[in-house]
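The residues making up each chain are set out below.
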Amino acid sequence: MTGIAKNYYELLKTWCEKLIDLQINEFEEHYFKGGILCPSCKIIHGRVADAIYPMIFLYDRTGDKKYLDTAELLFDWSENMMADDGSYYNDAQNDWNGITVFFVSMLSRTLLHHENCLPDSLRKRFEARLKRNVQWICSAINNSFDANINYQAAAAEAIALYGSYVRDPEYLRYAGERAGFCMRYISGDGFLTGESHPRDYRSPRGVGGVDIGYNLEESLPALFECAEILGDRDMKKRLLFSLEVHCRFLLPDGGMDNSFGSRNYKWTYWGSRTSDGYLAMMEQAGQEKEEFLSYKYAAFQMLSQCTKDGLLYGGPDYRDHGELPCIHHTFCKAKAVAAFLDGGVTETKRRGRLPEETRIYRYPELLTEQYFCGGFYGTATVNDVLYQKGGHISGGTMGMLWHEKTGPLLAASVTRYSLYEVTNSQLSLKKKDLGKMALRFEESVDKNLFASDQDFAAELKSTREPEMIRAGVKGTLRTLELEPGGPYRFLYEISRNRFAARCFSDAKGRLYVPLIGRSIDRQGENTFLLTARTGGKVRITAEGILEGVKKRFHLCGGFIAWEFEISPVQGQTGVVLEVLKE
């Protein structure tokens, strides 16, 4: 094993060694023994048995029995989560059982790739358990199953994998039905919709729920795997188009722009908190188009960068801010890396990079625009999908701003953080720095907060010149309840190494600009020098009355930022960023 495959193999071993360290062996009681404790959440996550697959993968590769022992203990413990109907609970405190599909995919892959290394008794136990789980899926998950689209896609993959293992065409037929159901949710733009409650929800402005993280790391990979097993060329062709569109939101440093996604509350910059990843899918798609093979290199750098003390953290700055890692990230990504390595790895010299020419992509299904200009990547959104209150930005907010010399400079969080999925989220003990991570204008009136990033009815228009993009926003400051306040306007300008954001409003509010970076130094009354995460330098000029600069952190995205608070002068305020030459 050489090259990038070896790098991922070593990362996988690092993760699995730490999971073994955290496995409970001190108690003989079946409800504890074999579980793995989460440092952040202080519980045993119900899906921790997903780690069986990477453990068996390593046992097959190394012959080291500790991996087999860990896997068998996990399998034994997982029975604590299985109900008498053959489905699994998400956690001991959560009766959601759609996650049964992930267990079936995991265990089916284990058997498909590593059956021969398993003790006969353990293999038979795997098969017996799978049969019960599969019966539940086939009886419960149909067109009316009340869940987001990712569960339909994952059911298609799970039963396709199982059908492939047992060589039963009836299961493959079921998988094809579930996959066909999902394909109806791919929009004309190429986006997979249905990440919403209900699945067929359409917003007041007529769009469905789209989440880049879930689509790229869970649903599209599941559908790709299903298409591969079924040999469905037509489905694969449509998926390749969808994947190509989604990949525009993957950044050259291995990050992902999900600043506007319907499930932004689970965004981790490298993906989504509890999904597996896109590595195996990119290898499959790369056999059709080489550019897909390039994404694994940047992804490895980002995953490695976010791995400390053997565990994958939920964002680039989690550890620096004193946050603990949730093991969900580690066992989900370990499973994905095992699938990637089992499928075979193709090297390429291609690497991801931003397009050199100035481009604007307008996505009607997202109510979002994407900008490429002068070394910058950016997205601005007026998306009005309401997955949960405060669940993502809108109002024409520039949700992501990234530069090739600095990495991320803006990365918008939810507008109100909450434990929407209690056992799939985490809390910070460092409350002092916590705050919204979005470029926005806010006004407080009688204890009500009116903000630009909460306006679901704003208008966004942009124009492109050869070396300049201008985008204008018109909207109304609103509360979380969408009660209206005063009007506002934003004007964004993007050119070579320069970004400007100016806000116009007669409201007695302030502009907030949280800029991501390692450190910040004052150069003048309203000028600062930001040292970016990559070491690049950015000159910041505040336009208006600078009220202060505060350190900020948010669990969504996982960045530390320096938030500028600027009061307007004669109804105008703004900020100018200049990326300096090395």
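Residues numbered from 1 in each chain as written. Predicted model: local features only at pLDDT ≥ 70, side-chain atom pairs only at ≥ 80, totals over all residues. Heavy atoms only, no water.

S.K.: For the overall build of the protein, give the residues involved together with the corresponding values.
M.R.: Along the backbone of the protein there are 12 helices and 20 strands. Dimensions along the principal axes, computed over C-alpha positions, put the protein at roughly 80 × 50 × 45 Å. Every one of the 582 residues in the protein was classed for burial, and the buried ones make up 63%. For the protein, restricting intrachain contacts to residue pairs at least 6 apart in sequence, the fraction spanning at least 24 positions comes to 67%. Surface exposure of the protein reaches about 21900 Å², of which carbon and sulfur atoms provide 47%. When the 72 positive and 77 negative side-chain charges of the protein are each reduced to one mean point, those points stand 4 Å apart. (Helix = DSSP H or I, 4+ residues; strand = E, 2+ residues; numbered from the N terminus. Buried < 20%, exposed > 50% of the residue type's maximum accessible area, 1.4 Å probe, protein only. Contact = heavy atoms within 4.5 Å. Areas by Shrake-Rupley, 256 points an atom, 1.4 Å probe, with all protein chains shown as cover. Lys, Arg positive; Asp, Glu negative; His and termini not counted. Charge placed at Lys NZ, Arg CZ, Asp CG, Glu CD.)

S.K.: Account for a nonpolar patch on the surface, with residues named and values stated.
M.R.: Together, F27, Y31 and F32 make up a nonpolar patch on the protein surface, roughly 300 Å² of accessible area in all. Locating F27 in the fold gives a position in the loop between α1 (3–22) and α2 (52–62). (Patch = residues over 30% accessible without salt bridge, like charges linked within 9 Å, V, L, I, M, F, W, Y side chains within 5 Å. Salt bridge = Lys/Arg side-chain N within 4 Å of Asp/Glu carboxyl O.)

S.K.: Got a sec to walk through the layout of surface pockets? Specific residues and values, please.
M.R.: Here the largest pocket defines a volume of roughly 560 Å³. Lining the largest pocket are 24 residues, and of these C247, E291, Y295, R353 and P355 sit closest to its centre. For the lining of the largest pocket, the secondary-structure elements that each account for two or more residues are α11 (295–305) and β3 (359–363). For the lining of the largest pocket, the leading source of residues is α11, giving three residues. Residues of the lining of the largest pocket, tallied by class, amount to 13 nonpolar, four polar and seven charged. A volume near 400 Å³ is recorded for the second largest pocket. What lines the second largest pocket is a set of 26 residues, among which W96, Y151, R263, E421 and N424 lie closest to the centre. When contributions to the lining of the second largest pocket are tallied by element, the ones reaching two or more residues are α6 (149–166) and α8 (212–230). (1 Å grid on protein atoms, 1.4 Å probe; cavity = no way out; pocket = protein on both sides within 12 Å on 5 of 7 lines; lining within 4 Å. Points joined across faces, edges and corners; volume = space filled by probe spheres on them. Nonpolar A, V, L, I, M, F, W, Y, C, P; charged D, E, K, R; others polar.)

S.K.: Run through the environment of E443, naming residues and quoting values.
M.R.: Among the structural elements, E443 can be located in strand β8 (residues 440–445). In this structure, the C-alpha to C-alpha distance between E443 and E493, residues 50 residues apart in sequence, is 24 Å. With residues near it in sequence (within four places) discarded, E443 still touches N448, L449, F450, L477, A507, K508 and G509.

S.K.: So what about the sheet that holds strand β4 (residues 368–373)? Which residues, and what values?
M.R.: Strands sit in the order β3-β4-β5-β6-β7 across an open sheet of five strands; the sheet is antiparallel. Both outer strands of the open sheet, β3 and β7 (407–411), are each paired with one neighbouring strand and no more. Along the sheet, successive strands turn relative to each other by an average axial angle of 10°, direction set aside. When strand β5 (residues 376–381) meets strand β6 (residues 397–403), the two strands line up antiparallel, connected through six bridges. What sits directly across from A380, in β6, is M398. (Pairing = 2+ DSSP bridges. Axes fitted to C-alpha atoms, helices over the stretch in contact; angles between N-to-C directions.)

S.K.: Go over the packing of α2 against helix α12 (residues 327–342) with me, naming the residues and quoting the values.
M.R.: Geometry of a packed helix pair, given as the angle between the helix axes and the separation of the axes. Two elements in contact, α2 and α12, have axes separated by 8 Å at closest approach and are oriented at 45°. In terms of their interaxial angle, α2 and α12 are classed as oblique. In this structure, α2 meets α12 at a crossing whose hand is left-handed. Residues Y53, P54, F57 and R61 of α2 lie in contact with α12, whose contacting residues are A334, K335, A338, A339, L341 and D342. For the contact of α2 with α12, the per-class residue count stands at seven nonpolar, no polar and three charged. (Parallel < 35°, antiparallel > 145°, perpendicular 65-115°, else oblique. Left-handed = near helix turned anticlockwise from the far one by under 90°.)

S.K.: So what about the nonpolar core? Which residues, and what values?
M.R.: In this structure, Y8 and I52 are the most contacted members of the largest nonpolar core, which totals 134 residues. With 11 residues, α6 is the single largest residue contributor to this core. Not counting the four nearest positions on each side in its chain, Y8 is found in contact with L279, K296, A299, F300, L303, V337, F340 and L341. M398, F490, A507 and L577 belong to the second-largest nonpolar core, a separate cluster that totals 47 residues. (Core = buried A, V, L, I, M, F, W, Y, C linked by side-chain atoms within 4.5 Å.)

S.K.: Quick rundown of α12? Include the residues and the values.
M.R.: Compared with an ideal rise of 1.5 Å per residue, which puts 16 residues at 22 Å, α12 spans 23 Å between its outermost C-alpha atoms and is within 8% of the ideal. Within α12, 16 of the 16 residues are buried, which leaves it mostly tucked inside the rest of the structure. Taken from the residues just after α12, G344 is the one with a positive phi, measuring 95°. (Expected span 1.5 Å × (residues − 1).)

S.K.: Please set out the environment of G315 residue by residue, giving values where relevant.
M.R.: Tracing the chain through its elements places G315 in the loop between β2 (311–312) and α12. Sequence separation between G315 and A542 is 227 residues; the distance between their C-alpha atoms is 28 Å. Among residues more than four places away in sequence, those in contact with G315 are T268, W270, C306, G557 and G558.

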